[in-house]
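The residues making up each chain are set out below.
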Amino acid sequence: MVSAPDTLDREEGYAKGLRNRHVQMIAMGGAIGVGLFLGAGGRMAQSGPALVVSYALCGIAAFFVMRALGELVLYRPVAGSFVEYSREFIGPWAGFAAGWLYFLNWAGSGIAEITAAGIYIGKWFPDFPQWVTALICLAVLLAVNLLSVKLFGELEFWFAVIKVLAIVTFLFVGLALVVTGAEVGGTTAGPHNLVDHGGFTPNGLPVVLMSMQGVMFAYASMEMAGIAAGETEDPAKVMPRAINGVVWRIAVFYIGSVLLLAMVLPWTSYSGEQSPFVTVFSSIGIPWAGDVMNFVVLTAALSSCNSGLYATGRILRSLGQRGEAPAFTERMNARQAPFGAVLFTGAVFLIGVLLNYVVPKDAFDIATSIASLGVIATWAALLIAQTRLRKRAERGELTRPSYRMPGSPYTNWIVVAFLLLIVVLAAFSDELAVRASFYAVPVVVLALFVGWRLVGRSRSSIAEERAGQSEA
């Protein structure tokens, strides 16, 4: 049998600064984002109560993706995460594509989130320039990511605590309102709201299916726990716990919250202009609900940016070490942080803040929608890599971990087909931003093909250099 390949060169310099509680909360924080706090309202207004079906289907897919990631991580914990797994089990080109697609995802998301942070703070300080608050937030998060991974873990831990407390509070309040049949906003809370007001699918099943791309984007960041594996103490013990927790987080936080939202108020009460949680709390006469939820959503936006800087820093460094990204992205600072890659991502976020003056809202939504392609591609790469790991284990080429993907390889291909279906459905959406993501697929594929050919020479020179070092 062949053991996991030597990763000393690629992993040298990283500190094992993340502990069990950090990884648990990084995984939990990844499961609760702005996609739920903000996006659920607009999607509920479009799909009706049947939105819970979209969250359930995408949640099942997310669970299998996390289990596939878990098996890969237990085989070999590495900070490059799925980029390294794609490269090893699919091919060098797959590692290159997975890395840059993931960067595309975080670049689009980060630009949206850092701008959103400025908007949220503007609620309290309307006379303060939005771009200044966005820059301050970006500067603080850059400092956190450049100082140490432990500081990142601590900040993300408390970000996640705030988000979890907000969701738990809503779950208790919402359940109490439904069980007691309380009057909320002039209507009675209860299961009847799932079928009243036009039925469970008031606008038809196709609309529900179209909502899955947005819902899938809401589940993005769950894979953060896998990226953190390379800097985790005792990953063999910590990672299965973090990944197993995804099951109940999906069921309770996402599906449970959306189900309660649909029962507390009629689906017609929600809109994309306001967080659905603010809508509920405002409807029961809590005057300060808007400020509290604005703080929570601000926390979610900052958490997303924080995670994006962390994740892309590790991914870009992995690419840079192989000549597949600018050379400075592989540089580490004295505090064992990949400062070159983090600053590269920060520069992209900064460009987004500056462009916010001239980029119309529709164009901004298009960028975010296209970014979701990175999420789908990343998840598909993980599923395919796990099937290759399983085949190599069957041939006796490596030892398969005891923590395994359930139902593999059948579940792998079912989920991959589901992900492809989401991409195809985007072509039939009424929203320009969603349709644009479908038509952007050939453009992205062409860009990756050209990029892979261009980095070929750089990869060859690095390979020759390493070969010379090995002989020496």
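Each value, and the rule that gives it
Residues numbered from 1 in each chain as written. Predicted model: local features only at pLDDT ≥ 70, side-chain atom pairs only at ≥ 80, totals over all residues. Heavy atoms only, no water. Helix = DSSP H or I, 4+ residues; strand = E, 2+ residues; numbered from the N terminus. Buried < 20%, exposed > 50% of the residue type's maximum accessible area, 1.4 Å probe, protein only. Contact = heavy atoms within 4.5 Å. Areas by Shrake-Rupley, 256 points an atom, 1.4 Å probe, with all protein chains shown as cover. Axes fitted to C-alpha atoms, helices over the stretch in contact; angles between N-to-C directions. Parallel < 35°, antiparallel > 145°, perpendicular 65-115°, else oblique. Nonpolar A, V, L, I, M, F, W, Y, C, P; charged D, E, K, R; others polar. Salt bridge = Lys/Arg side-chain N within 4 Å of Asp/Glu carboxyl O. Left-handed = near helix turned anticlockwise from the far one by under 90°. Phe/Tyr/Trp six-rings, centres within 6.5 Å; stacked < 30°, edge-to-face > 60°. Core = buried A, V, L, I, M, F, W, Y, C linked by side-chain atoms within 4.5 Å. Expected span 1.5 Å × (residues − 1). pLDDT = per-residue confidence, 0-100.

## Remarks on the overall build of the protein
Here comes step 1: Along its length, the protein carries 21 helices and two strands.
Here comes step 2: Looking at the protein residue by residue over its 472 residues, the buried ones come to 57%.
Here comes step 3: Taking all contacts inside the protein whose residues are at least 6 apart in sequence as the whole, residues at least 24 apart take part in 81%.
Here comes step 4: As presented, the protein carries roughly 19000 Å² of accessible surface, and 66% of it is formed by carbon and sulfur atoms.

## Here's the deal with the environment of Pro-202
Here comes step 1: Examined against the element boundaries, Pro-202 turns out to sit in the loop between strand 2 (187-188) and helix 10 (205-210).
Here comes step 2: Under the relative-accessibility criterion, Pro-202 is labelled partly exposed at 24%.
Here comes step 3: If we ignore the near neighbours within four places in the chain, the residues touching Pro-202 are Ser-47, Gly-48, Pro-49, His-197 and Trp-267.

## Concerning the packing of helix 5 (residues 51-75) against helix 6 (residues 82-89)
Here comes step 1: Following both chains from N to C, one finds helix 5 and helix 6 inclined at 80°, their axes separated by 11 Å at the closest point. The orientation of helix 5 with respect to helix 6, classified from their angle, is roughly perpendicular. Contact with helix 5, carried on its side by Leu-69, Leu-72, Val-73 and Tyr-75, involves Tyr-85, Glu-88 and Phe-89 of helix 6 and no other residues of that element.
Here comes step 2: Across the contact of helix 5 with helix 6, the residue classes tally to six nonpolar, no polar and one charged.

## Brief notes about the pattern of salt bridges
Here comes step 1: Tallied over the entire structure, the rule returns nine salt bridges.
Here comes step 2: With a shortest N-O distance of 2.6 Å, Glu-324 and Arg-87 are connected by a salt bridge. Separated by 237 residues along the polypeptide, Glu-324 in the loop between helix 15 (289-320) and helix 16 (339-355) and Arg-87 in helix 6 bring together distant segments of the chain.
Here comes step 3: Taking the relative accessible area as the measure of exposure, Glu-324 reaches 2% and is therefore buried.
Here comes step 4: In this structure, Arg-392 and Glu-397 form a salt bridge, with 3.4 Å as the shortest nitrogen-oxygen distance.
Here comes step 5: A cluster of three or more residues bridged by salt bridges with shared partners is formed by Arg-76, Glu-88, Arg-392, Arg-395 and Glu-397.

## Structural notes on the packing of helix 14 (residues 276-283) against helix 15
Here comes step 1: At a minimum axis separation of 9 Å, helix 14 and helix 15 run at an interaxial angle of 160°. Between helix 14 and helix 15, the crossing angle belongs to the class labelled roughly antiparallel. Here helix 14 runs over helix 15; the crossing is right-handed. In this structure, helix 14 uses Phe-277, Val-278, Phe-281 and Ser-282 to contact helix 15, whose residues at the interface are Ala-289, Gly-290 and Met-293.
Here comes step 2: A class-by-class count of the residues in the contact of helix 14 with helix 15 yields five nonpolar, two polar and no charged.

## Section: the environment of Val-280
Here comes step 1: Secondary-structure assignment places Val-280 in helix 14.
Here comes step 2: Val-280 sits in the buried class, given a relative accessible area of 0%.
Here comes step 3: Separated by eleven residues in the primary sequence, Val-280 and Ser-269 place their C-alpha atoms 9.0 Å from one another.
Here comes step 4: For Val-280, the residues in contact, after removing those within four places along its chain, are Phe-170, Val-184, Leu-261, Val-264, Leu-265 and Tyr-270.

## Thoughts on the packing of aromatic side chains
Here comes step 1: If you walk through the whole model with that rule in mind, you get 13 aromatic pairs.
Here comes step 2: Note on Trp-100 and Phe-103: the rings are 5.4 Å apart at their centroids and 80° apart in plane angle, and the pair reads as edge-to-face. Pair noted here: Trp-100 and Phe-103 are both in helix 7 (residues 92-124), with a separation of three residues, about one helical turn.
Here comes step 3: Site record: aromatic cluster; members linked through ring pairs are Trp-100, Phe-103, Phe-328 and Phe-344.

## Section: helix 14
Here comes step 1: Among the eight residues in helix 14, six count as buried, and that is most of the element.
Here comes step 2: Along helix 14, the positions that sit buried rather than exposed are Pro-276, Phe-277, Val-278, Thr-279, Val-280 and Phe-281.
Here comes step 3: Count one or two residues on from helix 14 and you reach Gly-285, which has phi positive near 80°.

## Brief notes about the side chain of Ser-54
Here comes step 1: Structurally, the position occupied by Ser-54 is in helix 5.
Here comes step 2: Apart from residues no more than four positions distant in its own chain, Ser-54 is found in contact with Val-208, Ser-211, Met-212 and Val-215.

## Some details on the nonpolar core
Here comes step 1: Ranked by internal contacts, the top residues of the largest apolar core, which has 113 residues, are Phe-37 and Tyr-219.
Here comes step 2: For this core, the element with the highest residue contribution is helix 5, accounting for 15 residues.
Here comes step 3: Ranked by size, the runner-up nonpolar core spans six residues in total, among them Phe-96, Ala-97, Leu-101 and Val-444.

## Digging into the environment of Val-179
Here comes step 1: By the secondary structure assignment, Val-179 is in helix 9 (residues 149-180).
Here comes step 2: In the structure, Val-179 is positioned ten residues away from Ala-189 in sequence and 8.2 Å away in space, judged by C-alpha atoms.

## Comments concerning helix 18 (residues 410-425)
Here comes step 1: In a regular helix each residue adds 1.5 Å, so 16 residues correspond to 22 Å; helix 18 covers 23 Å between its end C-alpha atoms and thus fits that length.
Here comes step 2: Taken residue by residue, helix 18 has Thr-411, Asn-412, Val-415, Val-416, Phe-418, Leu-419, Ile-422, Val-423 and Leu-425 as its buried positions.

## Examining the confidence of the model for the protein
Here comes step 1: Overall, the prediction assigns the protein a mean pLDDT of 80, with 83% of residues at 70 or greater.
Here comes step 2: Element-level mean pLDDT values for the protein span from 41 in helix 1 (residues 8-11) up to 94 in helix 18.
Here comes step 3: The model gives residues 1-15 a pLDDT under 50, and that stretch makes 37 contacts with residues more than four places away or in other chains.

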